[in-house]
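Residue-level structure breakdown
Take a look at the letters that make up each chain.
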Amino acid sequence: MNENKETGFAPQCLSIDLEVGKADEHIHQLAGIRGDTGKTVTYRNGPLNEALSRLDALSVGAAFTLGHNIIAFDLPYLRAAKPNLQLLQLPVVDTLRLNPLAFPRNPYHHLVKHYQDGQLERGRLNDPELDARLTLTLFSDQREAFECLQKTNPRLLAAWHWLVTASKGHWSRIQKQSVSGWSRIIPACARKRPKRER
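I will try to describe carefully the structure that is included in this document. (Residues numbered from 1 in each chain as written. Predicted model: local features only at pLDDT ≥ 70, side-chain atom pairs only at ≥ 80, totals over all residues. Heavy atoms only, no water.)

Regarding helix α2 (residues 70-81)
Formally: Burial classes follow relative accessibility: with a 1.4 Å probe on protein chains only, a residue under 20% of its type's maximum area counts as buried, one over 50% as exposed, and anything between as partly exposed. By definition, any uninterrupted DSSP run of H or I lasting at least four residues is a helix, any uninterrupted run of E lasting at least two residues is a strand, and each is numbered from the N terminus. The directions from the helix axis to the C-beta atoms are what the arc is built from. Whether two residues are in contact is decided by their heavy atoms: any pair within 4.5 Å suffices.
Restricting attention to buried positions, one finds in α2 the residues I70, D74, L75 and L78. Down the axis, α2 shows its buried residues gathered within 90° of arc, on one side only. Along α2, exposed side chains directed more than 90 degrees from the buried face belong to A72 and A80. On its buried side, α2 packs onto β1 (13-20), β2 (27-34), α1 (48-58), β4 (64-67) and β5 (92-94).

Here's the deal with α1
Looking at α1, one finds that the buried residues are A51, L52, L55, D56 and L58. Here the buried residues of α1 occupy an arc of 155° about the axis, which is enough to place them on one side. In this structure, the buried side of α1 is in contact with β1, β2, β3 (40-43) and α2.

Brief notes about the packing of helix α4 (residues 128-152) against helix α5 (residues 154-165)
Our working rule: Throughout, an axis means a line fitted to C-alpha atoms (over the contacting stretch in the case of helices), and angles, computed between N-to-C directions, take values from 0 to 180 degrees. Oblique is the label for any angle not covered by the other classes, which are roughly parallel (under 35 degrees), roughly antiparallel (over 145) and roughly perpendicular (65 to 115). Basically, the charged four are Asp, Glu, Lys and Arg, the nonpolar ten are Ala, Val, Leu, Ile, Met, Phe, Trp, Tyr, Cys and Pro, and anything else, Gly included, counts as polar.
Taken N-terminus to C-terminus, the directions of α4 and α5 make an angle of 125°; their axes are 5 Å apart at the nearest point. Classified by the angle their axes make, α4 and α5 are oblique. Packed against α4, whose contacting residues are F146, L149, Q150, K151 and T152, the element α5 presents P154, L156, L157 and W160 at the interface. Split by residue class, the contact of α4 with α5 holds six nonpolar, two polar and one charged.

A closer look at the pattern of salt bridges
The condition that has to hold: Take a side-chain nitrogen of Lys or Arg and a carboxyl oxygen of Asp or Glu: if they are within 4 Å of each other, that pair is a salt bridge.
One pass over the structure, following the stated rule, counts four salt bridges. For E129, the salt bridge is made with R133, and the minimal N-O distance between the two is 2.9 Å. Of this pair, E129 and R133 both sit in helix α4, four residues apart, roughly one helical turn. The partly exposed category is assigned to R133, whose relative accessible area is 30%. The residue E147 makes a salt bridge to R143 at a minimum N-O spacing of 3.1 Å. Residue E147 and its partner R143 are both found in helix α4; the two are separated by four residues, about one turn of the helix.

Some words on the sheet that holds β1
How we decide: Strands are labelled as partners when DSSP assigns at least two bridges between them.
Spatially, the five strands line up as an open sheet ordered β3-β2-β1-β4-β5, and their pairing is mixed. Where the open sheet ends on each side, the last strands, each with one partner, are β3 and β5. Between one strand and the next, the sheet's axes are offset by a mean angle of 20°, whatever the strand orientation. Taken together, the seven bridges between β1 and β2 define a ladder with antiparallel strand orientation. Residue pairing for β2: L18 is matched across the bridge by L30. Strand contacts of α1: β1, β2 and β3, with the helix running at about 15° to β2, the strand carrying the most contacts. The sheet strands contacting α2 are β1, β2, β4 and β5, and the helix crosses β1 at an angle near 80°.

Structural notes on the packing of aromatic side chains
Ring pairs (aromatic) are described by centroid distance and by the angle formed between their planes. What counts here: Planes of paired rings set the category: under 30 degrees apart is stacked, over 60 is edge-to-face and the rest tilted, where pairs are Phe, Tyr or Trp rings (Trp by its six-membered ring) whose centres lie within 6.5 Å.
Considering all chains together, one arrives at three aromatic pairs under this definition. Residues F9 and F139 carry aromatic rings whose centres are separated by 5.7 Å and whose planes lie at 45° to one another, so their mutual orientation is tilted. Here F139 lies in helix α4 and F9 lies in the segment before β1, a separation of 130 residues in the sequence. When its relative accessible area of 13% is taken as the criterion, F139 is described as buried.

Some thoughts on the nonpolar core
Quick reminder of the rule: In these notes, a set of buried Ala, Val, Leu, Ile, Met, Phe, Trp, Tyr and Cys residues joined through side-chain atoms within 4.5 Å is what counts as a nonpolar core.
L66, F139, F146 and W160 are the most contacted members of the largest nonpolar core, which has 21 residues in total. Elements represented by at least two residues in this core include exactly β4, α3 (95-102), α4 and α5. The leading source of residues in this core is α4, at eight residues. Excluding residues within four positions of it along the chain, L66 makes contact with C13, L14, S15, I16, V93, T95, T135, L136 and F139. Ranked by size, the runner-up nonpolar core spans 20 residues in total, among them L14, V20, L78 and L88.

So far we have only geometry, and geometry alone does not tell us how the molecule works.
If you want it as structure tokens, here you go:
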């Protein structure tokens, strides 16, 4: 099991992170980690197609894929590289899109990569395996925030659930309406996300 030792949370998911070249827009590195088993797949060089097949095999039995900006970034690159991946058929949870809901007073957009602190001058810019692990940790923190919200303001959580799962027809009606007073109904427990010691 790969559970969070504090909460016992071990989601049955595949957390994915890609590193893509800015100049050539090809996948240069990737990592996938199962949240429930801790099994990993990493790719840093060699045949990409083989690594994608291993990543796809790791997704068997997963309930969903997880990533930070996975919808707008990782999935399009995976689809372009190998459109027949079975993992592309799984439901997707994007921690980037959950952040403003889980932490409305501090809805940061980037994945906080403390492993980079002091490392930039040595050339260590990104590590997809560490980023996939950080995404699992962030997802656990988001879950805790939503559990707190369920206790303090279940109607707000139900509204957010409806908004993020509503069909396109419902969403177009919502966009035409204005909602005021959100700051009054955000509970204290959903304020600024505490920093974790690493």
